[in-house]
Amino acid sequence: AVVSTQSTGELIDIILRKKSNLCLSADVTSSKELLELVNNVGPHICLLKTHIDVISDFTMDVTDKLKTLATKHDFLIFEDRKFADLGSTVQKQFSEGVYKISSWADFINAHVVVGPGIIKGLESVAQGQALILIAQMSASGNLCTPEYTQTAVSMAQDNNKFVCGFICTESVTDDHRFLNFVPGVNISSSNDSLGQQWVSPSEAVLKGADVIIVGWGIYKLVDTAETARIYKEQGFRAYLDSVTV
């Protein structure tokens, strides 16, 4: 990939340095669970994906501690906020309010349904972050049509100094300036009762993943560190196989 932002360059360096293209989706609801989980799996991940608004006892001390763990274990933080509003509104959602996301996250994401104004709004208050556009989703019955996906790609190309890639289930463009972040990765399951559709690490990489996103396939297991190590090794091995001629 051609580096477009400081965060993108740092992520690529971490992936190569740690030999890990694993992103943990830490969908837990207490700060104690979150910090213990992240400390356990931190050595094996390149990126931590948070849903900070589900933390029931949130204070800014939580994000301060996450940043400390990110430095300790050498990973970056992606707040999965999925911004989806007018540019003037997302400016405030990103930089103000309870969570002050722009003060601690390295990556954020957004839906493109509201048009390019959302990108301009987020970029205007960014502090070195990179934006990931949601081009596809892994839930069955989602409304991301091929036309919608192509619109996301076009918007990324028009804003490539800030947009670094896509949430997608497969590669959506041959433009190597952008990274593909593929969710719904799970070694042991193919679907769940809420419409999530799973793929294995190797299947995700074959579909174009640069970063594989794993949630409860890690955090619901007893030995989260060992499980993360297995995902890391499978994901990075598949990545190396995909780039080896």
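Residues numbered from 1 in each chain as written. Predicted model: local features only at pLDDT ≥ 70, side-chain atom pairs only at ≥ 80, totals over all residues. Heavy atoms only, no water.

## A look at unusual backbone geometry
Part 1: The residue Lys19 is not glycine, and still its phi comes out positive at about 55°.
Part 2: Mapped onto the elements, Lys19 comes out in the loop between helix 1 (6-18) and strand 1 (22-25).
Part 3: Positioned with a positive phi, Lys82 is a non-glycine residue whose angle comes to about 50°.
Part 4: With respect to the secondary-structure elements, Lys82 resides in strand 3 (residues 76-83). (Helix = DSSP H or I, 4+ residues; strand = E, 2+ residues; numbered from the N terminus.)

## Brief notes about the sheet that holds strand 4 (residues 107-110)
Part 1: Taking strand neighbours around the barrel as the criterion, the 8 strands line up as 1-2-3-4-5-6-7-8 in a closed arrangement whose pairing is parallel. When strand polarity is set aside, the average angle formed by the axes of neighbouring strands in this sheet is 25°.
Part 2: Looking at chain direction, strand 1 and strand 8 (residues 211-214) are connected through 3 bridges and run parallel. Residue pairing across strands places Leu22 opposite Ile212, the latter belonging to strand 8. (Pairing = 2+ DSSP bridges. Axes fitted to C-alpha atoms, helices over the stretch in contact; angles between N-to-C directions.)

## Description of the pattern of salt bridges
Between side chains of opposite charge, pairing is possible as soon as their charged atoms come close.
Part 1: Throughout the structure, instances matching the rule amount to 9 salt bridges.
Part 2: Where Lys49 meets Asp80, a salt bridge forms, and the shortest distance between an N and an O atom there is 2.8 Å. Of this pair, Lys49 sits in strand 2 (residues 47-50) while Asp80 sits in strand 3, placing them 31 residues apart in sequence. No difference in accessibility class separates Lys49 from Asp80, as the two residues are buried.
Part 3: Here Asp61 ties to Lys65 by a salt bridge, and the two come within 3.1 Å at their closest N and O atoms. (Salt bridge = Lys/Arg side-chain N within 4 Å of Asp/Glu carboxyl O. Buried < 20%, exposed > 50% of the residue type's maximum accessible area, 1.4 Å probe, protein only.)

## Observations regarding helix 4 (residues 87-95)
Part 1: Taken together, the buried positions of helix 4 are Gly87, Val90 and Phe94. Down the axis of helix 4, the smallest arc covering the buried residues is 60°, so these residues share one side.
Part 2: On its buried face, helix 4 sits against strand 3, strand 4 and helix 5 (117-123).
Part 3: Note on helix 4: the residue one or two positions beyond its end, Gly97, has a positive phi of about 70°. (Arc of directions from axis to C-beta. Contact = heavy atoms within 4.5 Å.)

## Considering the nonpolar core
Part 1: Phe83, Ile108, Leu122, Leu131, Leu133 and Phe166 are the most contacted members of the largest nonpolar core, which totals 59 residues.
Part 2: Sequence-distant contacts of Leu122, defined by excluding residues within four places in its chain, comprise Phe83, Val90, Phe94, Ile108, Ala110, Leu131 and Phe162.
Part 3: Grouped together as the second largest cluster of nonpolar side chains are 19 residues, Phe107, Ala130, Ile132 and Phe181 included. (Core = buried A, V, L, I, M, F, W, Y, C linked by side-chain atoms within 4.5 Å.)

## Considering helix 1
Part 1: With 13 residues, helix 1 should reach 18 Å at 1.5 Å per residue; the first-to-last C-alpha distance of 18 Å fits that figure.
Part 2: If you check which residues of helix 1 are buried, you get Ser7, Thr8, Gly9, Leu11, Ile14, Ile15 and Lys18.
Part 3: Lys19, located one to two residues past helix 1, shows a positive phi value of around 55°. (Expected span 1.5 Å × (residues − 1).)

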